[in-house]
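# Geometric and topological summary
Each chain, written out:
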Amino acid sequence: MAEAGVFYGHPALAAITLNQGGDGIAYAGLLLERALSRIANEDVPVLELAPARPMHPTALEQLRFTARLGYAQLRERDRIWMFNHVGIARAQNVLPSFVRRPYGVLLCGIEAWDPSLSSERLTTLRRATARIAISRHTANRVAQAHASIGPIVACPLALLPTTPYAPTLDHALLGQIRDLSVLIVGRMSAAERYKGHDELLECWSAVKMEVPGAQLVVAGQGDDLTRLKAKAESLGLAHDVLFLGFVSDATLEAVRERAALFALPSRGEGFGLVYLDAMRAGLACIGGAGDASADVILDGETGTLVDPEDRAALAAAIIALLKSPAKRGQYGEAGKRRFEAEFTFERYCDRLQPILAAAFS
């Protein structure tokens, strides 16, 4: 019998990709890999699907991944497996029961709480030894949508320690950042129009009327970028919205230092890692009131939560903070303290270890 709260297993990780240029699911996988290695005190083996088209693996790529996964589980029978997405965890269903080792699945958001989840994915979740949600909000939504899959434990995400990088700053771009700028960071995907880009554009004329120097700074790429640029133009905001596209880590960090506040008024975040980036930089945050933003942002303490569908309320929240440097500073300092107390890599390991011990010891 393992000592309570101590995990003695030998974990392995299966991930779609750990490419740091990937999305939040890739980052969550990388965080999980580092945490498993630290908790188990060994270099955890990683098996990546690594599709040529992110999130769109071919049948052949999936077949090869399943074969490699089965071989790995046959070769090392003492390992438990963690999957960073229910989609790739489905490979466990294909493996014969004598091959399949105990496994856990990371629940990241809509891929797990979708009411129309396929029977294949539901079976994958029911068979899992551990179902670990990336936020309390995600855990609650998955439990409400799929009560039959078994217990779900929330283990909120965190940020990995920063690593030194070459200071490749885009000085020309940084020179365009105004004092009263509001930053939004995130992938712009036609399939994920819930991040708040449209809502911010649609309320920006109202913001400008009260704060004439206000600027919206949009960082990120995606197949919806062209549409959003055209929308900004049609709304007469071409001179007040700055689309950065892809920028280096150093440039993005410098943009955060220049920004007045951070806003991602999302309607469907499973967690919201970008809020942590902002909080670590000491930025006040505006988030959506109906998703996992509330797991990160403390309304009235580290930022403001608002209904993104209420454009007037969103504009008012932005205007209030842009007009109050003292309030922005107060929220920013409180957010940084909250990040350091709750969302460091060390705290994530502290949360994850007893979950693994309870599930797999």
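The preceding data block contains the structure.
Because the structure is predicted, anything quoted here is derived from the model rather than measured. (Residues numbered from 1 in each chain as written. Predicted model: local features only at pLDDT ≥ 70, side-chain atom pairs only at ≥ 80, totals over all residues. Heavy atoms only, no water.)

## Focus: the pairing of strand S8 (residues 215-219)
Of all five residues making up S8, five are buried, and the element is well covered by its neighbours. The side-chain alternation of S8 yields two buried faces, one formed by Gln215, Val217 and Ala219 and the other by Leu216 and Val218. Across five bridges, the pairing between strand S7 (residues 181-185) and S8 is parallel. Directly across from valine 182, in S8, lies its bridge partner leucine 216. Traced from S7 through helix H9 (residues 197-210) to S8, the parallel crossover comes out right-handed. Relative to strand S9 (residues 241-245), S8 runs parallel, the two sharing four bridges. Paired with leucine 216 across the two strands is valine 241, which belongs to S9. Crossover handedness for the path S8 to helix H10 (residues 225-234) to S9: right-handed. (Buried < 20%, exposed > 50% of the residue type's maximum accessible area, 1.4 Å probe, protein only. Helix = DSSP H or I, 4+ residues; strand = E, 2+ residues; numbered from the N terminus. Pairing = 2+ DSSP bridges. Right-handed = clockwise from strand over helix to strand, strands pointing away.)

## Describing the sheet that holds strand S3 (residues 79-83)
Strand pairing in a sheet relies on backbone hydrogen bonds, with the paired strands running either antiparallel or parallel. In space, the six strands of this open sheet follow the order S2-S1-S3-S4-S5-S6, with parallel pairing throughout. Edge positions in the sheet fall to strand S2 (46-48) and strand S6 (153-154), since each has one partner strand and no second. Across four bridges, the pairing between strand S4 (residues 103-107) and strand S5 (residues 130-133) is parallel. Looking at S5, one finds that valine 105 is bridged to arginine 131. Together, strand S1 (10-15), S2 and S3 form the strand contacts of helix H2 (residues 59-75), whose direction differs from that of S2 by roughly 165°. The strands that helix H6 (residues 119-127) touches are S4 and S5; relative to S4, the one it contacts most, it runs at about 120°. (Contact = heavy atoms within 4.5 Å. Axes fitted to C-alpha atoms, helices over the stretch in contact; angles between N-to-C directions.)

## Some points on the pairing of strand S11 (residues 285-288)
Note on strand geometry: in a regular strand, side chains alternate between the two faces of the sheet. Bridge analysis of strand S10 (residues 261-264) against S11 gives three bridges, and the strand direction is parallel. Residue pairing for S11: alanine 263 is matched across the bridge by isoleucine 286. With respect to chirality, the unit in which S10 leads through helix H12 (residues 273-280) into the neighbouring parallel S11 is right-handed. Bridge count for S11 against strand S12 (residues 303-306) is four bridges, and the pairing is parallel. Across the sheet, glycine 287 pairs through a bridge with leucine 305, a residue of S12.

## What about the nonpolar core?
If you look at the biggest cluster of nonpolar residues, it comprises 123 residues, and the most contacted ones within it are Phe262, Ile318 and Leu352. If we ignore the near neighbours within four places in the chain, the residues touching phenylalanine 262 are Leu183, Ile184, Val185, Val274, Tyr275, Ala278, Leu283, Ala284, Cys285 and Ile286. (Core = buried A, V, L, I, M, F, W, Y, C linked by side-chain atoms within 4.5 Å.)

## Description of the pattern of salt bridges
Within this structure, the stated rule accounts for 26 salt bridges. Ionic pairing is found between glutamate 199 and arginine 267, a salt bridge with its closest N-O pair at 3.3 Å. Here arginine 267 lies in the loop between S10 and H12 and glutamate 199 lies in helix H9, a separation of 68 residues in the sequence. The exposure class of glutamate 199 is buried, given its relative accessible area of 4%. Across the salt bridge formed by arginine 227 and aspartate 224, the nearest N and O atoms sit 2.9 Å from each other. Residue classification places arginine 227 among the partly exposed positions, given a relative accessible area of 28%. Classification of aspartate 224 as buried rests on a relative accessible area of 3%. Bridged by salt links that share partners, the residues Arg193, Asp198, Glu199, Glu202, Asp224, Arg227, Lys231, Arg267, Glu309 and Arg311 form one connected network. (Salt bridge = Lys/Arg side-chain N within 4 Å of Asp/Glu carboxyl O.)

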